[in-house]
Amino acid sequence: MSCPQELLQMTVYPIHEDFQAIKQLSQEELSASCPFAQDLLVGKLVFNQSDRTEFVFRVFTTATEFQVLLFLLFLLLYLMILCGNTAIIWVVCTRSTLRTPMYFFLSNLSFLEICYTTVVVPLMLSNIFGAQRTISLAGCGAQMFFFVTLGSTDCFLLAIMAYDRYVAICHPLHYTFLMTRKLCAQMLVGALGLALFLSLQLTALIFTLPFCGHRQEINHFLCDVPPVLRLACADIHVHQAVLYVVSILVLTIPFLLICVSYVFITCAILRIRSVEGRRRAFSTCSSHLTVVLLQYGCCSLVYLRPRSSTSEDEDRQIALVYTFVTPLLNPLIYTLRNKDVKDALRNAIIHKAASDAN
């Protein structure tokens, strides 16, 4: 059967009303009347959506008093994240006693946390007050790309830090020979490179989907993958499968490697005869393990749960944990539970105050 002339014109030279009219046709009607019309329409949607589709984020509340309270709370948490992680970077860079692989990775983790929250929080704060501000398709794609890249690198880095602790505790005599500066830099670059590759593939795949309509509301405070996928007006089964594969590579495999590392670490710690040595080793490892459980646990709830058992509101609440709580706890946990960092930070502050006084 040949295509009706009107349908052909609407498909090749579409306007917004035409999209809605064609969308109302069933898959069978469209395929039967014009076999290639559906493919042309999807291509047109993807081609034209860049200058048509905009996104807005769903507001937390419309009550002005609560908006002020939320703004101040999130701003305070953001400033604490910046100050805490910057302090760790500063003390690691200025104190020669902390120039070891463990603190090299810790300072890079702090830098990642600063970048990670900065990608999300300023835009989030600007959307708390007043009317909903729009974000373009390109802007949403850019935020998703950087968010996924930095978050994935964060997960890989936590696995690298577990390996560092494994070598330090299980092979202490070979530690300096195994964990060289060159190897540390290579592992860090490898983690970032893999995260960039996965993020680019995932983001590009998602934004080839058509998003019908001019203005789409994202039930979230950032352009995260699951809520954006829900807005697509096309079959997303393949995209969800790719998301699960990426999630397994970023979350499940590193977490399993961390678990294996800590099995060996625990066995090695239990063989230490000195009570003080056992306490020090457990203290260092428990700090890292606390961050790992929080990060991987919350991310797994969002990205690895079946879609049928997820709620958009729940995802948004869980995302608040790994956007604010984890980056804030990193400096607190590693500072309060690490004697070396506490002593170095105290000495650095005293030295800075003395130099300013002179």
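As the structure is a computational prediction, the values presented were derived from the model and not from experiment.

Calculation rules
- Residues numbered from 1 in each chain as written.
- Predicted model: local features only at pLDDT ≥ 70, side-chain atom pairs only at ≥ 80, totals over all residues.
- Heavy atoms only, no water.
- Pairing = 2+ DSSP bridges.
- Helix = DSSP H or I, 4+ residues; strand = E, 2+ residues; numbered from the N terminus.
- Axes fitted to C-alpha atoms, helices over the stretch in contact; angles between N-to-C directions.
- Contact = heavy atoms within 4.5 Å.
- Disulfide = S-S within 2.5 Å.
- Buried < 20%, exposed > 50% of the residue type's maximum accessible area, 1.4 Å probe, protein only.

A. Layout of the sheet that holds strand S3 (residues 215–218). Ordered in space as S2-S1-S3, the three strands form an open sheet in which the pairing is mixed. Each edge of the open sheet carries a strand with a single partner, namely strand S2 (134–136) and S3. Between one strand axis and the next, the sheet turns by 35° as a mean value, whatever way the strands run. In terms of strand pairing, strand S1 (residues 54–57) meets S2 through three bridges, oriented antiparallel. If you follow glutamate 54 over to S2, its bridge partner there is serine 136. Packing against the sheet, helix H7 (residues 137–170) makes contact with S1, S2 and S3, and its axis sits at approximately 80° to S2.

B. Up close: the state of the cysteines. Summed over the entire model, instances satisfying the criterion amount to one disulfide. Linked covalently through their sulfurs, cysteine 140 and cysteine 223 form a disulfide whose S-S length is 2.1 Å. Between cysteine 140 and cysteine 223, the S-S torsion sits near -125°, and that sign places the bridge as left-handed. With cysteine 140 in helix H7 and cysteine 223 in the loop between S3 and helix H10 (225–229), this residue pair connects regions lying 83 residues apart in the sequence. Judged by its relative accessible area of 0%, cysteine 223 is buried. You can see cysteine 155 has no disulfide; the closest cysteine sulfur is in cysteine 299, sitting 5.1 Å from it.

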